[in-house]
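Remarks on the overall topology
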Amino acid sequence: MTLDPASAAFLEGMRAAGGKPLYEQTVDEVRANISGASRMLATPPATVARVEDRRIAGPGGEFGIRIYTPRADGGPRPIVLQFHGGGWVAGDLDTHDSIARYYAAHADAIVISVDYRRPPEHRFPAAVEDSYAAAEWAVAHAAEIGGDAARLAVAGDSAGGNLATVVCQLAKQRGGPRIVYQALVYPTVDLRDPMITPLYESRAQFGGGDYFLSTRDMEWFRSTYLADVARDMQDFRASPMAAPDLSGLPPALIVTAGCDPLRDEGKAYAGRLTASGVAAEYRCFDGAIHACMSFAGAIPQGLDALSFVAGRLKGSLTR
């Protein structure tokens, strides 16, 4: 797998800028660096009719959501519940604002971006329970925000892809809410050992630190996220690949990047879904790197991926 030219130039710029590897940084440094890069390199924000911040109740207290309404006319519209990436630790509503706007505008859907509680202040399963609470809120308040509760999809990138599919598994286990589609973009789906040794070939191939995300970064995110690594990494809410039964889940889109350590686990999860009778579409953007959608202003393949996902969301939610 060869890097596409824009991704190669992006990585060369990172190397030239210097700085410590992510896993050697403090939580505050990681958050600041990811926030800065996301704001600087995101695709220009799409125009939407309305953006509203709210606080909603969760199992650990209130947390934030941001609601994007694409147009003032028409409706009710489908709802896309978005979970941001950033290793659970670093992303937030602002780092993923451009992605949420893009989905709203191009999928013609109300997007609810979820500001779940983050570790290390709130460790696993706080983010999971907030994410599930947001899905319940979206259905209960659909009419109020101009949405259609019968057309609810979940979407997420990286750690957000993990949360999106875990919400689907919990909805199946707990008997609701009904989710009709899941879009998982370079998702983290397996936090079990071995994290460093090549359980998946792409981890060994691209995890050495030359392709934006490294296996040592992944280990840092895991140790920051989980309360008890040895115990929690086996829990399907942390490692959705560990769920014994994936049947009965919503139709899925799994998008990966060709030069991403997480590529092969995303592909393997798509394969398991298909084997379990779930309609699953897999698409790999060859030559792209992890988080390319967040850097779509600098990496054209990231914009291609955004367009592809938005198109699939629109198609799956159109009556």
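Keep in mind it's a predicted model, so treat the numbers as computed, not measured.

1. Focus: the pairing of strand β3 (residues 77–83)
- β3 sits mainly inside the fold: seven of its seven residues count as buried.
- Relative to strand β5 (residues 147–157), β3 runs parallel, the two sharing six bridges. Following the sheet pairing, R77 is matched in β5 by G147.
- Note on the crossover from β3 through helix α3 (residues 97–107) to strand β4 (residues 110–115): the handedness is right-handed.

2. Examining the packing of aromatic side chains
- Inspection of the entire model under this criterion finds eight aromatic pairs.
- Geometrically, the ring pair formed by F212 and F295 is edge-to-face, given 5.4 Å between the ring centres and 80 degrees between the ring planes. Placement of F212 in the loop between α6 (201–206) and α7 (215–225) and of F295 in the loop between β8 (280–285) and α10 (300–317) is noted, with a sequence separation of 83 residues between them.
- Classification of F212 as partly exposed rests on a relative accessible area of 27%.
- On the basis of relative accessible area, F295 is assigned to the buried category, the value being 4%.
- Here F285 and F308 contribute two aromatic rings whose centre-to-centre distance is 6.0 Å and whose plane-to-plane angle is 75 degrees, an arrangement assigned as edge-to-face. Taken together, the residues F285 in strand β8 and F308 in helix α10 connect sequence positions 23 residues apart. Here F285 and F308 have matching classes, each one buried.
- Counting every residue linked through ring pairs, the aromatic cluster contains F10, F212 and F295.
- The residue whose ring lies beneath R174 is Y132, and the NZ or CZ to ring-centre distance is 4.7 Å.
- The side chain of R283 reaches across the aromatic face of F308, ending 4.9 Å from its centre.

Quick notes on the rules
Here the residue index of a chain counts from 1 through its sequence in written order. The model is predicted, so local features are restricted to residues of pLDDT at least 70 and side-chain atom pairs to those at 80 or more, both for listing and for counting; the totals for chains, interfaces and linings are taken over all residues. Excluding hydrogens and water, the side-chain figures rest on all heavy atoms present in the structure. Residue exposure (1.4 Å probe, protein chains only): buried if accessible area is under 20% of the type maximum, exposed if over 50%, otherwise partly exposed. Secondary structure follows DSSP: runs of H or I at least 4 residues long count as helices, runs of E at least 2 residues long count as strands, and numbering of each begins at the N terminus. Paired strands, in this sense, are two strands between which DSSP finds at least two bridges. A crossover gets the label right-handed when its path from the first strand over the helix to the second runs clockwise, viewed with the strands pointing away from the viewer. Each Phe, Tyr or Trp ring (for Trp, its six-membered ring) is paired with any other whose centre lies within 6.5 Å, and the angle between the two planes then decides the class: stacked below 30 degrees, edge-to-face above 60, tilted in between. Working rule: Lys NZ or Arg CZ, within 6 Å of ring centre, within 35 degrees of ring normal, means a charge sits over the ring.

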